[in-house]
Amino acid sequence: MREFIEKYQSWNLNPIPLKPRQKLPKLKGWQTEDQTAKFTAGDNIGCVLGDVVDIDCDWPAVSRYVHYFVPTDCVFGREANPAAHFLVHAPGVKPFKYV
């Protein structure tokens, strides 16, 4: 887990502990406080993105081609799809959820 926390920090992201097997912050103050020392075994990892956009490519076929359109070296995922998330610096972007 420490390896991923340090990787996200190297990308200037603020990792936060999430409840195990969930996408919910484990602790209060996650929006503003540094919580990297508060991770425990079993926690999920989330990040406060700020002006970074996460392009989430759930389909491995899409992630094979997205690098042609998204200029970034910040790529990560899971064993089944290691290039599932592409992080892009996008100052001034407005958040939205596409479902």
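Described in the following lines is the structure provided in the data block. (Residues numbered from 1 in each chain as written. Predicted model: local features only at pLDDT ≥ 70, side-chain atom pairs only at ≥ 80, totals over all residues. Heavy atoms only, no water.)

1. With respect to the pattern of salt bridges
Spelled out, the test is: Any carboxyl oxygen of Asp or Glu that lies within 4 Å of a side-chain nitrogen of Lys or Arg is treated as forming a salt bridge with it. Runs of E in the DSSP output that reach at least two residues are strands. Runs of H or I that reach at least four are helices, and both are numbered from the N terminus. Each residue's exposure class comes from its accessible area (1.4 Å probe, protein chains only) as a fraction of the maximum for that residue type: buried when under 20%, exposed when over 50%, partly exposed otherwise.
Taken as a whole and assessed by the stated rule, the structure comprises two salt bridges. Across the pair Lys26 and Asp43 runs a salt bridge whose closest N-O atoms are separated by 2.8 Å. Separated by 17 residues along the polypeptide, Lys26 in the loop between strand S1 (14–18) and strand S2 (44–48) and Asp43 in the loop between S1 and S2 bring together distant segments of the chain. By relative accessible area, Lys26 is classed as partly exposed at 26%. Between Lys38 and Glu33 there is a salt bridge, with the nearest N and O atoms lying 3.7 Å from each other.

2. What about the environment of Cys57?
Cut-off, in case you're wondering: The criterion used for residue contact is that any of the two residues' heavy atoms lie within 4.5 Å.
Checked against the element boundaries, Cys57 lands in the loop between strand S3 (52–56) and helix H2 (60–63). As for Cys57 and Ala84, which are separated by 27 residues in sequence, their C-alpha atoms are 4.8 Å apart. Discounting residues that sit within four places of it in the chain, Cys57 has contacts with Val62, Ser63, Val66, Asn81, Ala84 and Phe86.

3. A closer look at the sheet that holds S3
Selection criterion: In short, DSSP must find at least two bridges between two strands for them to pair. Lines fitted to C-alpha atoms define the axes here, with helix axes fitted over just the stretch in contact, and angles between the N-to-C directions of these axes take values from 0 to 180 degrees.
The sheet built from three strands is open, its strands ordered S3-S5-S4 with antiparallel pairing. If you trace the sheet from one side to the other, it starts and ends with S3 and strand S4 (75–78), each paired once. Pairs of neighbouring strands in the sheet enclose a mean axial angle of 30°, with direction left out of account. Relative to strand S5 (residues 81–89), S4 runs antiparallel, the two sharing three bridges.

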